[in-house]
Amino acid sequence: ANATTWQQVRGDSLLTAGALAVAATLLVARSAGLITIRAYEGTLSEVIFDALLCIAAVCGSAVLVRLIPRAVVRPIAFAGAMTLTLYVAQILVLAAFTAQHPLFWNDDSWPMLTGLVVGSLAFAVLWRALVRTGVFERGPLEGVVGLGIRAVEKGWPDRTSHQASGALGVGRRS
């Protein structure tokens, strides 16, 4: 890692630590009864607290990505490239699970979360190993969307050629 990377890590680490320290101070103030922080109420203290947590998450992630070897974060990058596919798959898994176990099991559990995360990462790595190039490289549903976009782009009239000829009435002076 070069000096610039270490400067970025230091800066992001300071932002992460600062955001967490201020968020912790807000929690202490809430415990002391000085402020109120309730989820989804939109109070100024809640918005500030949420923003601090977001800053800590983004900056902390930036630090981790620079420090952790690429081989370790590569599966996360593969999963990040196919979010549509993974979201749809997770919804289907949760729907199937709740249909099979409507009364006895809760789909909001650590084992379910672990299964969805591990399953998503495994599918993303397997997909990338099997499909390395082409429109489907990012994921199956991403490929279908990509094909749709290509089809629309091919059928869409070129605006600049129509403007030059005045065919659409764009650019004409009356």
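A short tour of the structure in this document, coming up. Sequence order as written defines the numbering, with residues in each chain counted from 1. In keeping with the predicted nature of the model, local features appear solely for residues at pLDDT of at least 70, side-chain atom pairs appear and are counted solely at 80 or more, and the whole-chain, interface and lining totals rest on all residues. Only hydrogens and water are set aside when side-chain values are computed; all heavy atoms of the structure are taken into account.

**Overview of a nonpolar patch on the surface**
- Each patch is built from residues that are more than 30% exposed by relative accessible area and take part in no salt bridge. Like charges join if they lie within 9 Å; nonpolar side chains (Val, Leu, Ile, Met, Phe, Trp, Tyr) join within 5 Å. Only the protein chains shown count as cover for residues, and the accessible areas themselves come from Shrake-Rupley with a 1.4 Å probe. Salt bridges are identified by distance alone: a Lys or Arg side-chain nitrogen within 4 Å of an Asp or Glu carboxyl oxygen. There is a patch of nonpolar side chains on the surface, built from L84, V88, L92, F136, L141, V144, V145, L147 and I149 and spanning about 710 Å² of accessible area.
- The element best represented in the nonpolar patch is helix 6 (residues 140-155), accounting for five residues.
- Examined against the element boundaries, F136 turns out to sit in the loop between helix 5 (110-130) and helix 6.
- Here the term buried applies to any residue with accessible area under 20% of the maximum for its type, exposed to any over 50%, and partly exposed to those in between, with areas from a 1.4 Å probe on protein chains only. Its relative accessible area of 30% is what places F136 among the partly exposed residues. Each helix is a run of H or I in the DSSP string that is no shorter than four residues. Each strand is a run of E no shorter than two, and both are numbered from the N terminus.

**Here we look at helix 6**
- Here helix 6 spans 23 Å end to end across 16 residues, near enough to the 22 Å set by a 1.5 Å rise per residue.
- Every buried residue belonging to helix 6 is among E142, G143 and G146, and all of these are buried. Projected down its long axis, helix 6 carries its buried residues within an arc of 100°, all on one side. Seen from the buried face of helix 6, the exposed residues on the opposite side, beyond 90 degrees, are A151 and G155.
- The contact definition used throughout considers only heavy atoms, calling two residues in contact when any of these lie within 4.5 Å. Structurally, helix 6 contributes buried residues whose contacts are with helix 3 (70-81) and helix 4 (83-100). The length a helix should cover is 1.5 Å for every residue beyond the first. Within this analysis, the arc is defined by the directions that extend from the helix axis to the C-beta atoms.

**Concerning the side chain of E46**
- For E46, the position within the fold is in helix 2 (residues 44-67).
- For the buried E46, no salt bridge is present, and the opposite-charge side chain at shortest range is R38, 9.9 Å distant.
- A distance of 3.1 Å separates the side chain of E46 from the backbone nitrogen of Y40, its partner in a polar contact. We count Lys and Arg on the positive side and Asp and Glu on the negative side, and we leave His and both chain ends out. In protein, a polar contact means a hydrogen-donor-capable atom and an acceptor-capable atom, both N or O and within 3.5 Å, with residues adjacent in sequence counting only if both atoms are side-chain atoms; elsewhere, any N or O pair within 3.5 Å suffices.

**What to know about the side chain of T85**
- Checked against the element boundaries, T85 lands in helix 4.
- Setting aside chain neighbours within four positions, we find T85 in contact with F123, G139, P140, L141 and E142.

**Overview of the packing of helix 4 against helix 6**
- A fitted line through C-alpha atoms serves as each axis, taken over the contacting stretch for helices, and the angle formed by two N-to-C directions is quoted from 0 to 180°. At a minimum axis separation of 6 Å, helix 4 and helix 6 run at an interaxial angle of 125°. Comparing their axes, helix 6 and helix 4 come out oblique. Crossing geometry of helix 4 relative to helix 6 is assigned as right-handed. Contacts between helix 4 and helix 6 involve T83, L84, T85 and V88 from the former and P140, L141, E142 and V145 from the latter.
- Tallied by class, residues from the contact of helix 4 with helix 6 come to five nonpolar, two polar and one charged. Small angles under 35 degrees read as roughly parallel and large ones over 145 as roughly antiparallel, with 65 to 115 read as roughly perpendicular and the rest as oblique. Should the near helix be turned anticlockwise from the far one by less than a right angle, the crossing is termed left-handed; should it be turned clockwise, right-handed. Any residue that is not Ala, Val, Leu, Ile, Met, Phe, Trp, Tyr, Cys, Pro, Asp, Glu, Lys or Arg is counted as polar, Gly included; the first ten are nonpolar and the last four charged.

**Notes on the packing of helix 4 against helix 5**
- For the pair helix 4 and helix 5, interaxial distance at closest approach is 11 Å and the crossing angle is 140°. Judged by the inter-axis angle, helix 4 sits oblique to helix 5. Between helix 4 and helix 5 lies a crossing whose hand is right-handed. Seen from helix 4, the contacting residues are T85, L86, Q90, V93, L94 and F97; seen from helix 5, they are M112, L116, S120 and F123.
- Split by residue class, the contact of helix 4 with helix 5 holds seven nonpolar, three polar and no charged.

**Brief notes about the pattern of salt bridges**
- Throughout the structure, instances matching the rule amount to three salt bridges.
- Among the salt bridges present, the one from R38 reaches E41, with a minimum N-O distance of 3.9 Å.
- Exposure remark for R38: the relative accessible area of 49% places this residue in the partly exposed category.
- Overall, E41 belongs to the partly exposed group, its relative accessible area being 46%.
- The shortest N-O distance in the salt bridge between R128 and E137 comes to 3.9 Å.
- Note on R128: relative accessible area 18%, which makes it buried.

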